[in-house]
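Coordinates in review
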Amino acid sequence: MHSQAFTDLSFEPRRQSRSTSLHRDFCPSGLKDEQCNLAVLGRVSLYCERKGWQRLHDKRREDYRLKWCETKSCATYSSFREGEQLLYQIPNNKVLTTKIGLLTSLREYERVTNKVKQGRGHSTGCPVLIMRFPHRCLTMEEFFPETFRMDLREEREAFFAQYEEGQVWICKPTGLNQGRGIFLLRSGDDVVTFRNRLQGGEDSQQGRKTAYRSPQARIAQRYIQNPLLLEGKKFDIRSYFLIASTTPYMVFFRHGYVRVTCDPYDPNSADLSAHLTNQYMQKKHPLYNELKEETVWSMERFNCYVNETFAAARALPRDWVCTVFAKRMQQIMTQCFLAVKSKLECRLGYFDLIGCDFMIDEDFKASMRVAMDHQLHLRCLESIILMLIYLLQGILPLSGMSVHAITQDNAATDMFEISGPMVDSKIVICANPAELRTWLDNIQERIGRATSQQLCPFNSILSFLVPCDEKWKKEELKRYLLRTPIWNWEGKPIQHLGPVGYLSLVHISGAQRTGSKERLLVIFPQDLLLLSIDSQRVQVRYEVQTHTSA
């Protein structure tokens, strides 16, 4: 890890502001050239500033409240103050975010759980403790394509021994993303060439007497040759889970988006962009600028497409994407988390946001590719940042939230699920049944006080609060305005205007009285604010602010 190759966002209290305010820093230092990462950092910076957080421009300062590190640095972790600061990226998250790290963790978890389930120790006459797992453990073959490690000689030789002509395998380096270093093995000649290359590198390394950096470790994974297609094109689904806390663990699931190739799927194509769906590869397509809007689908659009195209023909339940498939993704990600839970370095203040890639085959079987990383797309960035900031501040909006215990195979578990306007289908894993009961009782009591309302996981909270024709909606909308970005905002942060006195939807007409426009009128102790809300009830936009005091 190099100190000159990281970007961090840091937060500290603003001395003049209220004690509840948090502030942040955006310190570019040797930025990566990936525009998506820069855009992510810029959005995080903009959002935090709008929330009244303060930027720190001195990267050497250690009195931050939150630091967002794109690349890890030893100095960052050595100066971290547990319980006082928040730090993005768990230091040893490579057990989850690298291909070999995740593969090894899942294998070990499956091996250990199988031994426990089989009651190892009966033959010795010793008492055996039978562990009750919080959910039905999937076998790796249910969601993880067959995979071999090329950095282990025994496993490498096993791969070459089992290879048969006609098979297609995809070879990936363990620590890279964006499709870098990936290639396909389509024929016996490809496999022989690859084997010779690996052997040549191993011989070269053994022959060196000086220090030598070994080449990037790789995996070979069975290629899914019968993918489900969207309008004839290959796609995958990027979703996220947030490790909001490591002491105690709190893990949340978030829907992402669908990534679609530019060209129709051709399994025999030699062009990698026909096989890899990520934006980095698709940008190499000569017509990308014309097609780019079709390379990213929202989950809503994907759900509608499956409903219209496949539901009747394949006897799928309506909204299969939002229900069956979403639950499957959560189940897979839960197992991935449980596989590394005991390995991750836990300190109060560490948090992480992980992206996971899923594919669906023609039989509607979901599988996870070895591609867990931190890449974020701008289309889902704002909602993820919003969720992240809420969690970091210890705030979860209760109005409209629903919560229920999770069962697997008709058996009770120590998990419950939360869904609502700001938290879409999040699974919380408790330490024991007593803790589960305590959480459920407390949350359900507070939901009742806040007047619960069942919400669609894809809807914006604004669509349920506007029109604000009920008292509870007005109160929630007041809180919403103080916690969410207001586009085109000018002047001091809205949080510094004081408490909201009253608000309502009004119609404003000009002097010519040629028509009226719907606006949200908000009064503060010394200011009158005029805001607009877009037709889809997703964004609030600044219009006019008037100082009311004489």
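Just so you know, these numbers come straight off a predicted model, no measurement behind them. (Residues numbered from 1 in each chain as written. Predicted model: local features only at pLDDT ≥ 70, side-chain atom pairs only at ≥ 80, totals over all residues. Heavy atoms only, no water.)

Overview of the sheet that holds strand β15 (residues 402–408)
Spatial strand order, β15-β16-β17: three strands in an open sheet with antiparallel pairing. Whereas interior strands pair on both sides, the edge strands pair on one side only; in this sheet they are β15 and β17 (426–429). Pairwise comparison of adjacent strand axes, ignoring direction, gives a mean angle of 35° for this sheet. Sheet topology note: the β15/strand β16 (residues 411–419) ladder contains six bridges and is antiparallel. Bridging from a neighbouring strand, Ala 405 pairs with Phe 416 of β16. (Pairing = 2+ DSSP bridges. Helix = DSSP H or I, 4+ residues; strand = E, 2+ residues; numbered from the N terminus. Axes fitted to C-alpha atoms, helices over the stretch in contact; angles between N-to-C directions.)

A closer look at the environment of Glu 49
With respect to the helices, strands and loops of the structure, Glu 49 is situated in helix α1 (residues 35–50). Here Glu 49 falls in the partly exposed class, since its relative accessible area comes to 29%. Taking the C-alpha atoms as reference points, Glu 49 and Pro 493, 444 residues apart in sequence, are found 8.3 Å from one another. (Buried < 20%, exposed > 50% of the residue type's maximum accessible area, 1.4 Å probe, protein only.)

A look at unusual backbone geometry
Working note: non-glycine residues mostly have negative phi, and peptide bonds are mostly trans. Phi at Gln 89 is positive, roughly 90°, even though this residue is not glycine. Along the polypeptide, Gln 89 turns up in the loop between β4 (86–88) and α3 (94–97). Take Gln 89: its relative accessible area is 5%, and that puts it in the buried class. In this model, Phe 364 sits at a positive phi of 65°, which is unusual for a non-glycine residue. Here Phe 364 is to be found in the loop between β13 (350–360) and β14 (366–368).

Focus: the sheet that holds strand β18 (residues 502–509)
Ordered in space as β18-β19-β20-β21, the four strands form an open sheet in which the pairing is antiparallel. Edge positions in the sheet fall to β18 and β21 (540–547), since each has one partner strand and no second. Ignoring which end each strand starts from, the neighbouring axes of this sheet average 30° apart. Strand direction decides the pairing type here: strand β19 (residues 516–523) and strand β20 (residues 527–533), joined by four bridges, are antiparallel. Bridge pairing links Leu 521 to Leu 530 in β20.

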